[in-house]
Each structure stands twice: as structure tokens, then as C-alpha cells.
Amino acid sequence: MAEAGKETRQFRAEVRKVLHILTNSLYTNREIFLRELVSNASDALDKLRFRVNRGESPREPDLPLEIRISIDKDAKTLTIADTGLGMSAGELAENLGTIAKSGSEEFLAGLAAEARSAGEESGDKDKAAADAANIIGRFGVGFYSVFMVADKVEVTSRPAFGENAQAHVWISDGLGTYSVETCDAEEPKRGTVIRAHLKDDAVEFLEKFRVESAIRKHSAFVPFPVFVDGERVNTQPALWREPKTSVTREQYDDFYKALTYDAKAPLDAQHIAVDAPVQFNALLYIPDSSQDFFGADRDFWGLDLYARRVLIQHRNKELIPEYLAFLKGVVDTEDLPLNISRETLQENVLLRKINQVIVKQTLSHLEKMAANDAEKYKRFWQLHGKVFKLGYHDFPNRERVSALLRFNSSTLPDADALTSLDDYMARAPEGQKTFWYVAAPNREAARLNPHMELFRKKGIEVLYLFEPVDEFVMEGLGKYKEWDFKAAENAADDALASFADKEKPEKEAAAPLSEEDNTSFDSLLARMKEILGDKVKEVRVSHRLADSPAVLVSPDGGMSSSMEKLLKVMQKDDSLPVKVLEVNRDHPLLRSMLRMFKADAQDRILAQMTRSLFDASLLLDGYLKDPQALASRTGELLAEAAAWYTEVRKI
Ligand code: ADP
Ligand code: MG
């Protein structure tokens, strides 16, 4: 609807959805709207300074770079003015009428997840809403948070660059529409003024001390002066440039919170000051919460790169390798020209060098943590181990990364306990030169894996791998301190022969078969192979089983079954692998089957049992594709067994 330069437009649907939540659901922690507006103002000033440093001249070049907040109690307005980049009419509509890149869907999903976890932690519904505010900044919906406290907002802006010096004003009540029109006001001479008409229930933000304390809490490290009614509020220096001895833990924590919007203090902080081979200062944090770098947070990593305290790039990904993606923080160097273009930052030699130093320092830092504070290191591992273990790619640092890996294992008391490879080696019996592992979805499944039986008998520790990537890590590492990595299921028949039995068998060992029965058993195996046909490569006697009747093994010690499964998924191959069925000659089931076989090689029940045994082994291997067949065969066998039982017991 155009009327004399004024254009009124509908917000896009996703914006309306977000606005609705912001205005109706979030009543606690509303002060973060100040943080959002101040950070937008600071971004606008940063962008202006960046272009000035590259040689462009802005309008009104003598205006200081600053943010001024003023309160008008009579008009019930709060005004935030910056002398930054400003916006044209088109930019006002584009930037404040739509939701950028990350999108409202992710915001809504993130909101739900955050509210869930906050509510669970505190058992408090209000707390859930309060912590939901944490994610507002992360999803590019920061500006709209002003509608938590305002029922009308006017944004007047004059672009800092370009021919057209006309100011425009964007106005909205945050409900369905906004308008943009030209405006004759003198202010701002350059940049943006946001005037929020506060709701009656938000008049607390007309108190100077209230606004000041919110700014101190959330915006202390904004790199431009912030004034409230003429008085400077943020006087914090760039912390990373301060000598380490003068910075308190609290200052480190506050800086982290300001940087990341994380309400929780970090697990750990690292303050680095290096002069050679490159000069840089860095403040690096390990958050006390994990991020999903394989999913929604894919892009939320990298360090903020400064050159002489000027922000050059947010989330620069050249400064750290992906496996340190959990690190948050800033890097500031004297050696980078301010006017460097974003393109030349890629493949930049200087950044490569900084990257290498950060890797070395972070590895030492983690080594110290592991040595001096096992609990903290364990927490680190639980939160960030999943990302860190990708460090097996880092060939030059492979040995150090390996030493920092942690695993659950068969020797440890519970699923939470962790061991390093070095500790595993220290516990291993004389002569062991292999790290044995088994991949399983959880500890219980690992423990029940039939391949574990021999290891248990010999008292040999087996590492438990619970995540699909773990096996790639093992393959990728190849060796650690001359020891191999090998899946327990691929152990050769005699791999553990040289180790004495540790565990006394609980049951009496079954009596050995007579010579004649041994021969019959070989015929039974042939008959079983005949019954199973192409489904198995071979049926043979196992030397690795103690308690289980049967197990599937790869024909020639090839891949482990979980690795194979992963590859099949990747290649969209859903055929069943053809494996060797190994059976336990001493198991009562096999002894009974032998008797049945001797009585009648073509026995119908024998055939059914053979198929069921195979199905059960497939099931343990995670491959059963036809559960209906298994269930119906089991049903038939149960029916027969029940009939015999009632007959024998005469009931
Ligand atoms: P984000 O800051 O994550 O991009 P916001 O909702 O906070 O999301 O802001 C949306 C956009 O509006 C910003 O990206 C920016 O382009 C523009 N903007 C907001 N405030 C200002 C300001 N004070 N000066 C210039 N541009 C601004
Ligand atoms: Mg913002």
C-alpha cells in the first residue's frame, strides 16, 4: 500500500511466527533485547570501520564510532543510536522484514530443545522460558527481541556510504505489518537510531540503573563506547591483550558469556600470547556444554579473528582444524593488514601458522588437564570427545591425539568409566601387542557379544566402541606405540593361544566327544551347511565360544561387521553378507542336535533348529532382515517343545 513514499508490507509468515513467540511466551530475562540491539549496533560500527580501513570514506567522517542509549521517561521511550553503517530503504525492508540465513524453523526447533533441557535441569517452567532467550542471538532473530518490551518500534537510518544520503524510517507494532518511508529528521547524521516505545509492563527499562546493569552484564566487551544518558558504561579492555596475571577467572568467564551467549561458565580457558613464529594473542575457551557439529550446529564454529583489536572475521575456520571445533574464542594478531579481503584469508600462510601454534598449545593444555584433573578431563571428553577424536586425521600430531583418546572397556566398572590407550597397555599381560576392540551400541550389547567370550576367559581387556566413527578412528590410527588395533571378532583362532586362562569356567567342561561322534559332528556340520545353503560360506567348529551356541564370523578376518554395515549403508547395499557360521561343539544344544542328526539326518526339527540358530546369530550381528520368519519358526519350536514337555512330565 503506497502513499506518498510510504510503503506498508506484511511480515513474512516465519517472522510473524517468531514475533508471536517473542511477544507472548518470553516474559523472563527480557533484558537481553538490549544485548541484541547493542550487538547489532556494534556490528554496524565494525562494518563501517572495516570499510574505512580499506580506504573508503563514509559520510560525516569525523563522527566518533559509538553507541548512545537515552531514556525519555515522559514519552516512555528507550533509544539506541549508533554511528555505524546504516541502512537504505531497501535494506530496512530486507533486514528487518525477513529472517536471514538460519531461518525461523531452526529457531523454533532450537527453542523447543532449549526449553526442554532447561526445564529438565531446573524442573522449573519459568526457567525454561528464561533460558530460551539464550538462543535468540544465535538464529538471526535478535532484532525482533525488542518486541518483548515494546509495542511500537521506529528505526531511522541513514547509510554511511553511497550517493543517496536520504534517511528512512521503518515502523512496526510487531504484529502483522511494518512500513518504510522517507524521513526528514536530522538524526542520525549517519547510522541508525532505534526508538522503542515501551509496553506498560516494561517500564523498568526507563530506569537508568536497570539499563546500565543489563549492559554491564551482557555487553561489557563491546569494542565501542556505550553511553547511557551521556555516561560511559562499558570500560572493559580487550581482555586478550591484558597480561595473564592481571585477569581474574571471573573476567575470563564474563568475557566468554559475552562472546558466546552461553549462560554457563566455560569448562576451561586458555590465554595464549605468542611472539614467534607469529605474533598473536588468543583467548580460547572449552564450553561446558556440547554442540552438534554433525547436525544443526554445523556452521557454528571457528574463532573470531581480530587485527589490532579490529574484528576482521567472525567464526574464521582457518584458525583451527575441525577436530578442535569445540573451541570458542578470539585471536588477535599484529601481523595481518586491516584491509585484508575475506577471500585472501583463505589459504593464508599467517593463519596456517597461527593454526599450528593453537593446535600444539591446545594439545599441551589438554595433556596437562588429563594429567592433573582427571574429572575435568573426563567432562571434556564426554562433551567434546566426539569431535576431538576426528583428530586421528592430523598426521603430524597423531601420537599426541591418540594419547588423549578415551574409551570404555570390558575391564572398567561401569559405562561411565574411561581408559586411555596407555592405561590399557599398562594393564595388558606380557606379550600382548594389540588393542582389541568391539563395536556395539552400548555396554550391555558389547558384553553379550559372543566374540567377547574368549577374551573374558583369557582376561584380556577389550575396548568398547559405541559410536560408528570409532572404528574409522581405529583404522585411521593404524598403530599406537607399535601396537595394532584389531576388532575382537577378527581375532585369528590362535590369536590368544599364548595367554593362560584367567577365568575358571563356571560349569564343568562338557565331556569330549568320542572319535566316532567327532566324525558324526563333521557330518552334522555338512548337513547344516546344506540346510542353510548360500546363506553361509561355511559351517565350522568354533574355538572362541564358551557360553553361546553359535556366532557369525567374517570369512578371512576381513572388516568388522559394524564397519561393513556402515559401508553397506553408504553404498545403499542391503544384501546380507555371506559369513561363516561357527558353532560351539560343547554346547548342550549342539550335543542334542548331534543326537537328533545321528537318529535321522533329515529330521525336520533339526532343520528348523539350524535355521533358528542362524537367525539368532544374524540378530546378534545386527543383520536380521526377516524377523517374521524367526518369530514363526520360534513359535513352531515352542509348540513342539511344549507338547513334548507335557508328554514327558505327564501333565
Ligand atoms: P543478525 O544480527 O543475527 O543478523 P538481527 O535480527 O539482530 O540478526 O538483525 C538483522 C539484520 O538487521 C542485521 O543482520 C543487520 O543487517 C540489520 N541491522 C540490525 N540492526 C542494525 C543497525 N543498528 N545498523 C545496521 N544494520 C542493522
Ligand atoms: Mg543481531
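Not measured: the values here are computed from a predicted model. (Residues numbered from 1 in each chain as written. Chains lettered and ligands numbered in written order. Predicted model: local features only at pLDDT ≥ 70, side-chain atom pairs only at ≥ 80, totals over all residues. Heavy atoms only, no water.)

Q: Can you walk me through the sheet that holds strand S19 (residues 479–480) in this structure?
A: Pairing between the strands of a sheet comes from backbone hydrogen bonds, and it takes one of two forms, parallel or antiparallel. Read from one edge of the open sheet, five strands run S16-S18-S17-S20-S19, paired in mixed fashion. Of all strands in the sheet, those with a lone pairing partner are strand S16 (408–409) and S19, marking the two edges. When S16 meets strand S18 (residues 463–465), the two strands line up antiparallel, connected through two bridges. Its bridge partner being in S18, Ser409 is matched across the sheet by Leu463. (Pairing = 2+ DSSP bridges. Helix = DSSP H or I, 4+ residues; strand = E, 2+ residues; numbered from the N terminus.)

Q: For this particular structure, what's the right way to read the sheet that holds strand S13 (residues 303–307)?
A: Read from one edge to the other, the open sheet built from five strands follows the order S11-S12-S15-S13-S14, with strand pairing classed as mixed. The open sheet terminates on both sides in strands that have one partner only, identified here as strand S11 (268–274) and strand S14 (310–316). If you compare each strand with its neighbour and ignore which way they point, the axes differ by 15 degrees on average. Judged from the seven bridges that link them, S11 and strand S12 (residues 280–286) form a sheet pairing that is antiparallel. Across the sheet, Asp268 pairs through a bridge with Ile286, a residue of S12. Sheet contacts for helix H9 (residues 349–372): S11, S12, S13, S14 and strand S15 (328–333); angle to S11, the most-contacted strand, approximately 135 degrees. (Axes fitted to C-alpha atoms, helices over the stretch in contact; angles between N-to-C directions. Contact = heavy atoms within 4.5 Å.)

Q: Quick question: what am I supposed to make of helix H19 (residues 604–621) here?
A: Residue pairs three or four apart in sequence face the same way in an α-helix, which turns once every 3.6 residues. Under the 1.5 Å per step criterion, the end-to-end length of H19 is 26 Å for 18 residues, consistent within 8% with the ideal 26 Å. Listed as buried for H19 are Ile605, Leu606, Ala607, Gln608, Thr610, Ser612, Leu613, Phe614, Asp615, Ser617, Leu618 and Asp621. One or two steps after H19, the chain reaches Gly622, where phi turns positive at roughly 80 degrees. (Expected span 1.5 Å × (residues − 1). Buried < 20%, exposed > 50% of the residue type's maximum accessible area, 1.4 Å probe, protein only.)

Q: Help me understand the packing of H19 against helix H20 (residues 627–648), please; the structure alone is not making it clear to me.
A: Between two packed helices, what matters for the description is the angle formed by their axes and the separation of those axes. Orientation of H19 relative to H20, taken along the N-to-C sense of each, is 135 degrees, at an axis distance of 10 Å. As judged from the angle between their axes, H19 and H20 are oblique. Like other packed secondary-structure pairs, H19 and H20 cross with a definite hand, here left-handed. Along the contact surface, H19 presents Arg604, Ile605, Gln608, Met609, Arg611, Ser612, Asp615 and Leu619, while H20 presents Leu630, Arg633, Glu636, Leu637, Glu640 and Trp644. The residue inventory of the contact of H19 with H20, partitioned by class, reads six nonpolar, two polar and six charged. (Parallel < 35°, antiparallel > 145°, perpendicular 65-115°, else oblique. Left-handed = near helix turned anticlockwise from the far one by under 90°. Nonpolar A, V, L, I, M, F, W, Y, C, P; charged D, E, K, R; others polar.)

Q: Looking at this structure, I do not really get the packing of H9 against helix H10 (residues 374–388). What am I missing?
A: Contact geometry of H9 with H10 gives a least axis separation of 7 Å together with a crossing angle of 135 degrees. Classed by the angle they form, the pair H9 and H10 counts as oblique. Like other packed secondary-structure pairs, H9 and H10 cross with a definite hand, here left-handed. Of the residues in H10, those touching H9 at Leu363, Leu366, Met369, Ala370 and Asn372 are Ala374, Lys376, Tyr377, Phe380 and Phe388. In terms of residue class, the contact of H9 with H10 is built from eight nonpolar, one polar and one charged.

Q: In this structure, what is going on with the environment of Arg379? I would like to understand it.
A: Structurally, Arg379 can be placed in helix H10. In contact with Arg379, other than residues within four places in its own chain, are Lys264, Leu267 and Asp288. Within the local environment of Arg379, its side chain forms a polar contact with the side chain of Asp288, the two groups lying 2.9 Å apart. (Polar contact = N/O pair within 3.5 Å; in protein donor to acceptor, adjacent residues only side chain to side chain.)

Q: What exactly am I supposed to notice about the environment of Met425 here?
A: Mapped onto the elements of the fold, Met425 is located in helix H12 (residues 421–427). Spatially, the C-alpha atoms of Met425 and Phe435 are 8.0 Å apart, while their sequence positions differ by 10 residues. The contacts of Met425, once residues within four sequence positions are left out, are Phe435, Tyr480, Lys481 and Trp483.

Q: I would appreciate a short explanation of the pattern of salt bridges in the present structure.
A: Oppositely charged side chains may form a pair once their charged atoms are brought near each other. For the structure on display, the rule yields 35 salt bridges. Here Glu7 and Arg9 are joined by a salt bridge, their closest N and O atoms 3.2 Å apart. With relative accessibility at 35%, the residue Arg9 sits in the partly exposed group. Notably, a salt bridge pairs Glu367 with Arg400, separated by 2.9 Å at the nearest N-O pair. Within this pair, whereas Glu367 is found in helix H9, its partner Arg400 is found in helix H11 (residues 398–404), the two being separated by 33 residues in sequence. (Salt bridge = Lys/Arg side-chain N within 4 Å of Asp/Glu carboxyl O.)

Q: Would you explain H10 in this entry?
A: Under the 1.5 Å per step criterion, the end-to-end length of H10 is only 17 Å for 15 residues, more than 12% shorter than the ideal 21 Å. The axis of H10 is deflected most strongly, by about 55 degrees, at Gln382. For H10, the set of buried residues is Tyr377, Phe380, Trp381, Leu383, His384, Gly385, Val387 and Phe388. On its buried side, H10 packs onto S12, H9 and H11. (Bend = angle between axes of the 7 residues up to and from the residue.)

Q: Help me out: how do you make sense of the nonpolar core in this one?
A: The nonpolar side chains of soluble globular proteins are, as a tendency, buried together. Within the largest apolar cluster, 73 residues are counted, with the highest numbers of intra-cluster contacts made by Phe280, Phe380 and Phe388. Three or more residues apiece are contributed to this core by two domains, here domain 2 (239–374) and domain 3 (407–490). The contacts of Phe380, once residues within four sequence positions are left out, are Leu267, Ile286, Phe326, Leu366, Met369, Gly385 and Phe388. Counting residues in hydrophobic clusters, the runner-up holds 48 residues, among them Ile99, Ala150, Phe205 and Phe224. (Core = buried A, V, L, I, M, F, W, Y, C linked by side-chain atoms within 4.5 Å. Domains from an automatic or database assignment.)

Q: How should I be thinking about the side chain of His168 in this particular structure?
A: By the secondary structure assignment, His168 is in strand S6 (residues 167–172). Judged by its relative accessible area of 10%, His168 falls in the buried class. The residues touching His168, leaving out its near neighbours within four places in the chain, are Ala89, Leu92, Val155, Thr156, Ser157, Val180, Glu181, Thr182 and Cys183.

Q: Got a minute to help me understand the environment of Arg427 in this structure?
A: Looking at where Arg427 falls in the secondary structure, it is placed in helix H12. Those residues in contact with Arg427 that sit more than four places away from it in its chain are Thr411, Thr419 and Glu461. A polar contact is formed between the side chain of Arg427 and the side chain of Glu461, at a distance of 2.8 Å.

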